[in-house]
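Here is how the chains run, residue by residue.
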Amino acid sequence: MSTRQSTPSFLRVNSTAPFGKNMVMTVNASCQLRGYASKKDVNKKGGKGGKGGKKGGDDDDEDDRKGKGKNSGGSAPMGEMSFDPLDLEKKMGQCLERLKKDFMTMRAGTANPAILDPVSVKVENKMVPLRDLAQVSIKDAKTLMVNVNDAELTGAIEKAIREAGLNLNPIADNKAVRVPVPKPTKEFRESLTKLAAASTEKAKTIIRKLRQDGMKELKKDLKAGMSEDENYALEKKAQTLHDKYIKDAEDALKVKTKEIMAN
């Protein structure tokens, strides 16, 4: 009478490689009980090299090595993933910062050097940003001073500011240009708030597009081998970032509108 060995068990662990910075490696573990046949049983099936040997318990080993079966934890190792939540947050943050910078150029009756950021000066048939040719400072609450690096460009800088569509009337004085900032009319305030709202909508559109692109990348990553749980968690992360930066943009608009109407 043959004695059958006790049925042992083993832990099979499959892990997926990291797919981006600061991403936590996920490990799926499953336990599988397997019975080891006695020598007598093996002989009945043809033995190690017998006719039925390959068709026997070795099929399970083959499947284990290949990782067959849904959610078996045996999927092929993942390569580098497409979606990076840190990169998504960085891009959304940059979009918000650009919006705030645009707001700074929307003057509301007070002197602000950023007002002149859009101005470019024609120099030798080339358009050069004003900031590369002069330093803009605040003389007082209603006046900006533009200190020109090259006195020969003073006239060109004065003309560029006057024709920039900013409703400003600069006054040239040797190597400087004085720029009085007039108090805006009611109509001008209203048009400025509309401009700020339009800029905000553009920023929100970009933020939404960034989220959509992230979702497309996550679909690719799921097909490439990312676990469903990890994919779902990253989708929630992308949505959370989207909601945050949309709200930040809307809050920035409220602050800017209040500022415009108060001055």
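Keep in mind the model is a prediction, meaning the values are calculated, not measured.

What follows concerns the overall build of the protein chain. Scanning the protein chain from terminus to terminus reveals six helices and eight strands. Its helices and strands in sequence order give the protein chain the pattern β-β-α-α-α-β-β-β-β-α-β-β-α-α, from N to C terminus. The buried share of the protein chain, taken over its 263 residues, is 32%. In the protein chain, once contacts between residues fewer than 6 apart in sequence are set aside, the share between residues at least 24 apart is 62%. Element-wise, carbon and sulfur atoms account for 51% of the exposed surface of the protein chain, whose accessible area totals about 17200 Å².

To continue, consider a positive patch on the surface. A cluster of basic residues, K216, K219, K220 and K223, forms a positive patch on the protein surface. For K216, the location among the structural elements is in helix α5 (residues 186-224).

Our focus in this paragraph is the pattern of salt bridges. Pairs can form between side chains of opposite charge once their charged atoms are near each other. Tallied over the entire structure, the rule returns eight salt bridges. Where E158 meets R162, a salt bridge forms, and the shortest distance between an N and an O atom there is 2.8 Å. Highlighted residues: E158 and R162, both in helix α4 (residues 154-162), separated by four residues, approximately one helical turn. Residue classification places R162 among the partly exposed residues on the basis of a relative accessible area of 38%.

Below, the discussion takes up the packing of aromatic side chains. Applying the stated criterion to the full structure yields zero aromatic pairs. Positioned above the aromatic ring of Y245 is the side chain of K244, whose terminal nitrogen or guanidinium carbon lies 4.2 Å from the ring centre.

Within the element layout of this structure, R208 appears in helix α5. R208 sits in the partly exposed class, given a relative accessible area of 33%. Residue contacts for R208: discarding those within four places in its chain leaves H242 and I246.

This next bit is on the packing of α5 against helix α6 (residues 228-262). Running from N to C, α5 and α6 cross one another at 175°; their axes reach a closest spacing of 10 Å. Compared by their axis directions, α5 and α6 come out roughly antiparallel. Of the residues belonging to the contact of α5 with α6, the class tally is 16 nonpolar, six polar and eight charged.

Paired through their backbone hydrogen bonds, the strands of a sheet run either parallel or antiparallel. Taken together, the four strands give an open sheet; going across it, the order is β5-β6-β8-β7, and neighbouring strands pair in antiparallel fashion. Pairing within the sheet leaves two strands with one partner each, and these edge strands are β5 (134-140) and β7 (171-173). Pairwise comparison of adjacent strand axes, ignoring direction, gives a mean angle of 25° for this sheet. Against the sheet, α4 contacts β5, β6 (143-148), β7 and β8 (176-180), and its axis sits at roughly 20° relative to β8.

Here we come to the packing of helix α3 (residues 85-104) against α5. Two elements in contact, α3 and α5, have axes whose closest approach is 10 Å; the angle formed by their N-to-C orientations is 175°. Put simply, α3 runs roughly antiparallel to α5. Contacts from L88, K91, M92, C95, L99 and F103 in α3 reach A196, S199, T200, A203, I206, I207, L210 and R211 in α5. Here the residues of the contact of α3 with α5 sort into 10 nonpolar, two polar and two charged.

Analysis parameters
Residues numbered from 1 in each chain as written. Predicted model: local features only at pLDDT ≥ 70, side-chain atom pairs only at ≥ 80, totals over all residues. Heavy atoms only, no water. Helix = DSSP H or I, 4+ residues; strand = E, 2+ residues; numbered from the N terminus. Buried < 20%, exposed > 50% of the residue type's maximum accessible area, 1.4 Å probe, protein only. Contact = heavy atoms within 4.5 Å. Areas by Shrake-Rupley, 256 points an atom, 1.4 Å probe, with all protein chains shown as cover. Patch = residues over 30% accessible without salt bridge, like charges linked within 9 Å, V, L, I, M, F, W, Y side chains within 5 Å. Salt bridge = Lys/Arg side-chain N within 4 Å of Asp/Glu carboxyl O. Lys, Arg positive; Asp, Glu negative; His and termini not counted. Charge placed at Lys NZ, Arg CZ, Asp CG, Glu CD. Phe/Tyr/Trp six-rings, centres within 6.5 Å; stacked < 30°, edge-to-face > 60°. Lys NZ or Arg CZ within 6 Å of the ring centre and 35° of its normal. Axes fitted to C-alpha atoms, helices over the stretch in contact; angles between N-to-C directions. Parallel < 35°, antiparallel > 145°, perpendicular 65-115°, else oblique. Nonpolar A, V, L, I, M, F, W, Y, C, P; charged D, E, K, R; others polar. Pairing = 2+ DSSP bridges.

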